[in-house]
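Listed below are the residues making up each chain.
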Amino acid sequence: MRLPTRIFAALAGAAILFMMAVTSIDVFGRFFFNAPLTGAFEMTEITMALVIFGGMSLAALSREHITVNLFEAHTPPGVRRVQLVAGDVVCAAVVAVMGWRIFERGNALVDSRETTLVLGVMRGHVAWAMAALCLVATLVFLYCAWRDARRAPGAAEEMHGGAL
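## Side note on the overall build of the chain
Right, so step 1: Within the chain, the regular secondary structure consists of five helices and zero strands.
Right, so step 2: Taking 2.2 N^0.38 as the reference for a compact globule, 164 residues should give roughly 15 Å; the C-alpha atoms of the chain span a radius of gyration of 20 Å, well beyond that estimate.
Right, so step 3: Counting only C-alpha atoms, the chain reaches 60 × 40 × 30 Å along its principal axes.
Right, so step 4: Looking at the chain as a whole, 32% of its 164 residues are labelled buried.
Right, so step 5: Long-range pairs, those at least 24 residues apart, make up 74% of the contacts in the chain between residues at least 6 apart in sequence.
Right, so step 6: In the structure as shown, the chain presents an accessible area of about 10,300 Å², 70% of it carried by carbon and sulfur atoms.
Right, so step 7: Across the chain, 13 positive and 12 negative side-chain charges occur, with their mean positions spaced 5 Å apart.

Thresholds applied
Residues numbered from 1 in each chain as written. Predicted model: local features only at pLDDT ≥ 70, side-chain atom pairs only at ≥ 80, totals over all residues. Heavy atoms only, no water. Helix = DSSP H or I, 4+ residues; strand = E, 2+ residues; numbered from the N terminus. Rg over C-alpha atoms; globule rule 2.2 N^0.38 Å. Buried < 20%, exposed > 50% of the residue type's maximum accessible area, 1.4 Å probe, protein only. Contact = heavy atoms within 4.5 Å. Areas by Shrake-Rupley, 256 points an atom, 1.4 Å probe, with all protein chains shown as cover. Lys, Arg positive; Asp, Glu negative; His and termini not counted. Charge placed at Lys NZ, Arg CZ, Asp CG, Glu CD.

Put into structure tokens, the structure is as follows:
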């Protein structure tokens, strides 16, 4: 999973760099020439949505999502492994439902031919991209569940540094 992770991270980094450049050009043009970059808000808005939905997979793979560890120090390794697997399965289900609803909304937006106001980007296509990223995140959560289910009971603590 290292190559897909690196590719996703590079794409996310490029998208963030793009947002930074758009914002800088917009601010520079607005301040010095009283001419903001046309569509800067829409470009940033769309890119931010894609970065957020794409970032779910990266956070899941590297176990960098937000967690609360109240009882882990006193929980046996086998129970912690079950906890990891169950958490990933629940996350996969939630993200799958979220992706399905976003896909359905995208269909409605495409049917109505709704676009952004300035750039004319089809909003339904953006929703479809977000739904596709939800599908990827769902598969990643399922992969993580499978990976942790196969791991030896004490390996979960080693992988996560003892804190989830």
